Amino acid sequence: MPTRPIICLPDPRLKLVSEPVAQVDDEVRALLDAMLETMYDAPGVGLAAIQIAVPRRVVVIDVAGKDDPPAPLFLVNPEITWASEELNVHEEGCLSIPDYYEDVTRPARVRARFLDRDGQQREIEADGLLATCIQHEIDHLNGVLFIDHLSRLKRERAIKKFQKAAAKRAEEGM
Ligand code: NI
């Protein structure tokens, strides 16, 4: 399955609120599969549909270690149903904000409800990297990027850097 181009900051589509999926059908499964390929190819540990310019509430995640077998998670219409009061700081990056990493503070543990690749309702409880990743990807569905959790100064610096890079690419006709 071919990979899809990933859109990057400052693309305004990253600010869109994605639409819920009415039914997990073959078309949604094809989208999930294309997203997984694209994520593995990048490589990354999570991808939301809006990152390939599809504004639907669809996410793929795989936080398995390099030497472990793949463990893909397909999340359709995911929702956080519970978050711990305990917080955790994790260094985050994003395929739509390449080569930029910052510490982000979020709840350390969450429960999330979602439809899986077969349209079955499921709930998982996560901690560590998976908890961070689930929250980061659900943020994407609401038009929120991890830099939105940083101080205004850091966020503006990051946005400026990517705006400059985009302007330079446009100038060079790339
Ligand atoms: Ni991201």
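Refer to the structure printed above.
Residues numbered from 1 in each chain as written. Predicted model: local features only at pLDDT ≥ 70, side-chain atom pairs only at ≥ 80, totals over all residues. Heavy atoms only, no water.

1. Some points on the overall build of the protein
Phase 1: In terms of regular secondary structure, the protein is built from three helices and seven strands.
Phase 2: Here the C-alpha radius of gyration of the protein, 16 Å, is about what a compact globule of 174 residues would show, namely 16 Å.
Phase 3: For the C-alpha atoms alone, the extent of the protein along its principal axes is close to 50 × 40 × 35 Å.
Phase 4: Looking at the 174 residues of the protein, the share that counts as buried comes to 41%.
Phase 5: Across the protein, the fraction of contacts at a sequence separation of at least 24, relative to all contacts at a separation of at least 6, is 64%.
Phase 6: Accessible surface computed for the protein: about 9600 Å², of which carbon and sulfur atoms make up 50%.
Phase 7: The average position of the 22 basic charges and that of the 30 acidic charges among the side chains of the protein differ by 7 Å. (Helix = DSSP H or I, 4+ residues; strand = E, 2+ residues; numbered from the N terminus. Rg over C-alpha atoms; globule rule 2.2 N^0.38 Å. Buried < 20%, exposed > 50% of the residue type's maximum accessible area, 1.4 Å probe, protein only. Contact = heavy atoms within 4.5 Å. Areas by Shrake-Rupley, 256 points an atom, 1.4 Å probe, with all protein chains shown as cover. Lys, Arg positive; Asp, Glu negative; His and termini not counted. Charge placed at Lys NZ, Arg CZ, Asp CG, Glu CD.)

2. Quick notes on the pairing of strand β4 (residues 87-94)
Phase 1: Bridge count for β4 against strand β5 (residues 97-107) is seven bridges, and the pairing is antiparallel. Its bridge partner lying in β5, glutamate 91 is registered against aspartate 103. (Pairing = 2+ DSSP bridges.)

3. Re the nonpolar core
Phase 1: In terms of nonpolar packing, the biggest core is built from 17 residues, with Leu31, Leu32, Met35, Val58, Val60 and Val76 touching the most fellow members.
Phase 2: Elements that contribute at least two residues to this core include exactly α1 (26-41), β2 (58-61) and β3 (73-83).
Phase 3: Take this core: its biggest share by element is six residues, from α1.
Phase 4: If sequence neighbours within four positions are ignored, valine 60 has contacts with Leu32, Met35, Leu36, Met39, Val45, Gly46, Leu47, Leu73 and Phe74.
Phase 5: Counting 16 residues, the second largest nonpolar core, distinct from the first, contains Leu73, Leu75, Cys133 and Ile138. (Core = buried A, V, L, I, M, F, W, Y, C linked by side-chain atoms within 4.5 Å.)

4. A few points about the coordination of the nickel ion
Phase 1: With distances of 2.1 to 2.2 Å, the protein atoms coordinating the nickel ion are Cys94 (SG), His136 (NE2) and His140 (NE2).
Phase 2: One chain supplies every donor to the nickel ion, and in sequence these donors are spaced C-x41-H-x3-H. With cysteine 94 in strand β4 and histidine 136 in helix α2 (residues 128-141), the pair connects residues that are 42 residues apart, well separated along the chain. (Donors = N, O, S within 2.8 Å, 3.2 Å for Na, K, Ca; no water.)

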